[in-house]
Amino acid sequence: MMTTVAFAEVETPVGQFVLAITEIGLVASGWASGWGSGAPPADRLGLAEVHDADRTAFAVAELNAYFAGDLRAFETPIDWRLMSGARLQVLKALYEVPYGTAVTYGELAARSGSNVPARGIGAIMGANPIPIVIPCHRVIAGNGLGGFSGGVGVETKRRLLTHEGYLQPTLLDL
């Protein structure tokens, strides 16, 4: 059986967000601005695209509930096919980092048991195929927020961590 992917776009407080869902689960997500260039998303995933609102409805509802403040742990099944080896170990460990908390790059390296150094953890975060649900925004530097490649960069990370209550709101959030 050929695997297919269905897409949904969701307007969020941190920008237009795209969800890609196979028969197994959420395989990729990201800001719509990052999906707009090059080959169509289904081609980049190597999967045939189908239009299936029923398949995407649960993940869309969860993402909306997360931003409404009503969801702290995603239950949408994950399709891990785009990850393997140490990258998979690190992202599965990250998936277990609870809402409203954060870990440093070094702490995530240790939690994953992958022997990936902290600098390598940063590279894995930058290539996370399922941001927000696999919460790379919860990985911070020992001396501050660190980097973030989603949305509009570190400001998006700050907004997500503020939304989860890890950071205190600033005047910018009022």
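Scope of this entry: the structure provided in the associated data block. (Residues numbered from 1 in each chain as written. Predicted model: local features only at pLDDT ≥ 70, side-chain atom pairs only at ≥ 80, totals over all residues. Heavy atoms only, no water.)

Notes on the side chain of Asp 79
Consideration 1: Among the secondary structure elements, Asp 79 is positioned in the loop between helix H3 (53-68) and helix H4 (85-95).
Consideration 2: Within polar-contact distance, the side chain of Asp 79 engages the side chain of Thr 22 at 2.6 Å.
Consideration 3: One polar contact links Asp 79 to Arg 81, side chain to side chain, over a distance of 2.8 Å.
Consideration 4: Non-local contacts of Asp 79, meaning those with residues more than four positions away in its chain, are made with Thr 22, Ile 24, Gly 25, Leu 26, Val 27 and Ile 130. (Helix = DSSP H or I, 4+ residues; strand = E, 2+ residues; numbered from the N terminus. Polar contact = N/O pair within 3.5 Å; in protein donor to acceptor, adjacent residues only side chain to side chain. Contact = heavy atoms within 4.5 Å.)

Remarks on the packing of aromatic side chains
Consideration 1: Considering all chains together, one arrives at 6 aromatic pairs under this definition.
Consideration 2: Taking the centre distance of 4.9 Å and the plane angle of 90 degrees together, the rings of Phe 17 and Trp 31 count as edge-to-face. Here Trp 31 lies in strand S3 (residues 26-31) and Phe 17 lies in strand S2 (residues 15-22), a separation of 14 residues in the sequence. As far as the burial class goes, Phe 17 and Trp 31 line up, both buried.
Consideration 3: Considering the side-chain rings of Tyr 66 and Phe 74, the 5.5 Å spacing of their centres and the 35 degrees angle between planes classify their relative orientation as tilted. Across the pair, exposure class does not vary: Tyr 66 and Phe 74 are buried alike.
Consideration 4: Aromatic ring contacts, followed pair by pair, group Tyr 66, Phe 67, Phe 74 and Tyr 99 into a single cluster.
Consideration 5: Directly above the aromatic system of Trp 80 lies the positively charged group of Lys 92, at a separation of 5.3 Å from the ring centroid. (Phe/Tyr/Trp six-rings, centres within 6.5 Å; stacked < 30°, edge-to-face > 60°. Buried < 20%, exposed > 50% of the residue type's maximum accessible area, 1.4 Å probe, protein only. Lys NZ or Arg CZ within 6 Å of the ring centre and 35° of its normal.)

Quick word on the sheet that holds strand S4 (residues 48-50)
Consideration 1: With respect to topology, 4 strands assemble into an open sheet ordered S3-S2-S1-S4, the strand pairing being mixed. The outermost strands of the open sheet, each flanked by one partner alone, are S3 and S4. For this sheet, the mean inter-axis angle between neighbouring strands, taken without regard to orientation, is 30 degrees.
Consideration 2: Of the pairings in the sheet, the one linking S2 to S3 comprises 5 bridges and is antiparallel in character. Of the residues in S3, the one forming a bridge with Ala 20 is Ala 28.
Consideration 3: Contacts between H3 and the sheet are confined to strand S1 (4-12), S2 and S4, with S1 contributing the most and set at about 25 degrees to the helix. (Pairing = 2+ DSSP bridges. Axes fitted to C-alpha atoms, helices over the stretch in contact; angles between N-to-C directions.)

Brief notes about the nonpolar core
Consideration 1: Residues Leu 19, Leu 94, Leu 108, Ile 121, Met 125 and Ile 132 are the most contacted members of the largest nonpolar core, which totals 41 residues.
Consideration 2: The element that contributes the greatest number of residues to this core is H3, accounting for 5 residues.
Consideration 3: If near-sequence neighbours (up to four positions away) are discounted, Leu 94 is found in contact with Leu 108, Met 125, Ile 134, Pro 135, Cys 136 and Val 139.
Consideration 4: Counting residues in each nonpolar core, the second largest holds 7 residues, with Val 27, Ala 28, Ala 42 and Leu 47 among its members. (Core = buried A, V, L, I, M, F, W, Y, C linked by side-chain atoms within 4.5 Å.)

A closer look at the environment of Phe 148
Consideration 1: Mapped onto the elements of the fold, Phe 148 is located in the loop between strand S6 (139-140) and helix H7 (154-163).
Consideration 2: Residue Phe 148 is classed as buried on the basis of its relative accessible area of 15%.
Consideration 3: On a C-alpha basis, the gap between Phe 148 and Phe 67 in space is 19 Å, while along the polypeptide they are 81 residues apart.
Consideration 4: Excluding residues that lie within four positions of it along the chain, Phe 148 makes contacts with Trp 31, Cys 136, His 137, Gly 153, Val 154, Thr 156, Lys 157 and Leu 160.

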